[in-house]
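Chain by chain, the residues:
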Amino acid sequence: MHLKIARAIFHAVTVVMTCVFLSETLVATAQAHSGPGPERDFSAFPFNTQEKAQLRGDWWFHFGSRLTPQQAVEAAVSNEMGTLHVPDNWQKAGAATETNPHAHGTGTYVINLTLPYSRSTLLAIVFPRVADAYEVFWVPANNLSHAERIGGNGAMTGPIRASLIEQSYALNQIGEGYIVVQVRKELQSYGGILRTPYISDAAFLQSDAHLKRLIEGTIIGITLLVAALNLFLFVVYRKDPATLLLALVSFAFLLRSVILAGTLEMVFGPEIRTLRVRIEYADILLIAWAGYALQQALVWRRLSDLGGPLVTGVLAMLGGAIVLTAPLPFVTEHLFVIQTYCVVIFGLILWTSARAIIKRVPDAWFYTLGWFVPLLAGVNDIIVSNTYHGVYLANHAFVLFICAYSLKVGRRVTSAVSRAEVLDQERSNLQQLHQNALDTASRDHLTGLLNRQAFDNELSLAWREKDYSDQGISLVIFDIDHFKIVNDTYGHPAGDDVLRAVADLMQVANLRRADRVCRYGGEEFVMILPDTNCDNAQVVAERMRNRIAASTTECTGNVSLRVTASFGIACAKPNSDLDPEELLLRADEALYHAKSTGRNRSVTYPQMSEEGAAPASSDFKAAG
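Fair warning: this is a prediction, and the values are worked out from it, not measured in the lab.

## Focus: the state of the cysteines
By definition, a disulfide links the sulfur atoms of two cysteine residues through a covalent bond.
Item 1. All chains considered together, the criterion is met by one disulfide.
Item 2. Across the disulfide from C534 sits C571; the S-S distance is 2.1 Å. The chirality of the disulfide connecting C534 with C571 is right-handed, given an S-S dihedral of about 125°. Of this pair, C534 sits in helix 17 (residues 534-550) while C571 sits in strand 19 (residues 565-572); the two residues are 37 residues apart in sequence, bridging distant segments of the chain. Accessibility assignment for this pair places C534 and C571 in one class, buried.

Next comes the structure, spelled out in structure tokens:
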């Protein structure tokens, strides 16, 4: 028995250490990559798309004094300044000394840019993270004495006040010039430009910000609901401590979500930044310890073997006290200690799980495998935060984690409550609130259709049923023809009216209960048709196309509009080798072919191939 436990622990620790090793290797590779020199030519960059002009790579750099913009540019042009990779900690530029080990002081960054000489859209430059305070200037190449202040954040003089994360500033300049960034650092162990700045279309940035806020609000709302649900279950049935610990984990994660969203700085001002960093680090310790105690309560239904949770809890309390009282540079410099504590905690969780699996405890495998979801997402986020490529997944993974565990624990508790009628009523109310929150998160706020996230979920569910159907599955992608002209001519309110009208037509189109209609993005919609072949899918598409073409929309401003739509159709037969992404790409290519051959028509992927059309590029999005 002990040999089996040892083997299980060995394999689990091997997996964790491999993930950590890979993340560190990628971090080292990213830091070793120097990138291009301190010149960037964006004169022909496609800013009218969603592309971002990244300012990653070498910048001219001077540490020790705050150069004026003119002095900084003159020193850079005359090769009197060294270079520093951005993003990176400026300690690597030799700024740290024995008397100044954390490289406190002021540094100046310079980069030469060539922006488009003429453009119709407003640009913005974004600084995701600069420690601690900074100011940004533009110096035109043809007039070095004329420096324009673009923006800044934090206090460059007087008592130090840290800058906010993810700040953007309008960039109205054109032609060749220099971006000069003056940075003041006194609070943390790391300083300088710590996330890659970039330039993008201001309108796209605003849309991204709105989407980000929506996702953050959804995560915070679901987490708060889960925490309240588990706290209620604990009040109803106190014999199972897992509900209280799951509520504690949820509240700790809720605090982390609020911190990462920048809510504390918005409410209390930038002066709270140092306290926010301390709370963030202490919250990591709380999440780790509460997770270990939760696993004990989940598999054993009690806090058995109190020695482990007690010792790790004392260590977490001591660590939290140090984090909240020690000098902030010391705290940030020793972040690896907190990370080591988390690795040890995960090893203890695996030990608890291995014992439960060997003793055949019910649901032990479920509770064990569930931890790998936030673990792998956390490793992914470490890699993304250091290589600056990819998507952050930890928040989404943790929401799935606590929701799944809450459902499991809730069922366990409700089955043990003697007064089932009272508890059933209360549980029904909470489940309704939960469902309302999920419905809100899965619906597009403008059209009322399922949104892109819900589409991914519905497609995944339908795909699993595909092989058990007779005709497979079909996807129909369609968008409104010349929709940009509608927006440009009659305004966005009229465009919104058209989108709502098309969505209303879809909702009363006599589709089957298993069919799904989603708003895919912008003026683009998608239908999931389970157990439907290409011919039948085209019949549905033609019916939709005719309904849209025959309808008149009364828009804001007493305007009546009639629009048409183009449809692309792709199908996957049962047991085919396609995957959902390939099916979606084929439907998109068929849509592009329909639009490029006249619009207001429906085209299947086989039909497109018969007509001799070349497949569109995978990153091409059909124009409206």
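Additional details are given in the paragraphs that follow.
## Some remarks on the sheet that holds strand 20 (residues 602-604)
Item 1. Pairing in this open sheet of five strands is mixed, and the strands run 15-16-14-19-20 from one edge to the other. Each having just a single partner strand, strand 15 (516-521) and strand 20 make up the two edges of the open sheet. Strand-to-strand twist of the sheet, defined as the mean angle between neighbouring strand axes without regard to direction, takes the value 20°.
Item 2. Across three bridges, the pairing between strand 19 and strand 20 is parallel.

## As for the pattern of salt bridges
Item 1. As enumerated under the stated definition, the model contains 16 salt bridges in all.
Item 2. Note that R66 is salt-bridged to E135, the shortest N-O span being 2.4 Å. Pair noted here: R66 is in the loop between strand 3 (57-63) and helix 2 (69-77) and E135 is in strand 8 (residues 133-140), with a separation of 69 residues, a long-range link.
Item 3. Accessibility expressed as a relative area gives 14% for E135, which makes it buried.
Item 4. Between D456 and R452 there is a salt bridge whose closest N-O contact spans 3.8 Å. You can see D456 and its partner R452 sitting in helix 14 (residues 452-466), four residues apart, about one turn around the helix.
Item 5. Judged by its relative accessible area of 39%, D456 falls in the partly exposed class.
Item 6. Residues participating in the shared-partner salt-bridge network are R66, E135 and R149.

## Observations concerning the side chain of T447
Item 1. Inspection of the secondary structure puts T447 in the loop between helix 13 (420-442) and helix 14.
Item 2. With relative accessibility at 7%, the residue T447 sits in the buried group.
Item 3. One polar contact links the side chain of T447 to the main-chain amide nitrogen of L449, over a distance of 3.3 Å.
Item 4. Apart from the residues within four sequence positions on either side, T447 is in contact with L499, A503, Q507 and R519.

## A look at the sheet that holds strand 13 (residues 198-201)
Item 1. Here four strands make up an open sheet; going across it, the order is 2-13-6-10 and the pairing antiparallel. In this open sheet, the two strands that pair with only one neighbour each are strand 2 (53-54) and strand 10 (167-171).
Item 2. Two elements, strand 6 (residues 123-127) and strand 10, share five bridges in a ladder whose sense is antiparallel. Within strand 10, the position partnered with L123 by the bridge is L171.

## What about the packing of helix 6 (residues 273-300) against helix 12 (residues 394-414)?
Item 1. Running from N to C, helix 6 and helix 12 cross one another at 30°; their axes reach a closest spacing of 13 Å. One element, helix 6, and the other, helix 12, form an angle in the roughly parallel class. Note that helix 6 runs across helix 12; the crossing there is left-handed. Residues I287, L294, Q295, A297 and L298 of helix 6 form the contact with helix 12, whose participating residues are F398, Y405, V409 and R412.
Item 2. Within the contact of helix 6 with helix 12, the residues separate by chemical class into seven nonpolar, one polar and one charged.

## Structural notes on a nonpolar patch on the surface
Item 1. Taken together, the side chains of L224, L231, V235, L244 and F251 define a hydrophobic patch exposed on the protein surface, amounting to about 400 Å² of accessible area.
Item 2. Looking at the nonpolar patch, the elements that each hand over two or more residues are helix 3 (202-236) and helix 4 (242-260).
Item 3. Counting residues per element, the nonpolar patch draws most heavily on helix 3, which supplies three residues.
Item 4. Position of V235 among the secondary structure elements: in helix 3.

Calculation rules
Residues numbered from 1 in each chain as written. Predicted model: local features only at pLDDT ≥ 70, side-chain atom pairs only at ≥ 80, totals over all residues. Heavy atoms only, no water. Disulfide = S-S within 2.5 Å. Helix = DSSP H or I, 4+ residues; strand = E, 2+ residues; numbered from the N terminus. Buried < 20%, exposed > 50% of the residue type's maximum accessible area, 1.4 Å probe, protein only. Pairing = 2+ DSSP bridges. Axes fitted to C-alpha atoms, helices over the stretch in contact; angles between N-to-C directions. Salt bridge = Lys/Arg side-chain N within 4 Å of Asp/Glu carboxyl O. Polar contact = N/O pair within 3.5 Å; in protein donor to acceptor, adjacent residues only side chain to side chain. Contact = heavy atoms within 4.5 Å. Parallel < 35°, antiparallel > 145°, perpendicular 65-115°, else oblique. Left-handed = near helix turned anticlockwise from the far one by under 90°. Nonpolar A, V, L, I, M, F, W, Y, C, P; charged D, E, K, R; others polar. Patch = residues over 30% accessible without salt bridge, like charges linked within 9 Å, V, L, I, M, F, W, Y side chains within 5 Å. Areas by Shrake-Rupley, 256 points an atom, 1.4 Å probe, with all protein chains shown as cover.

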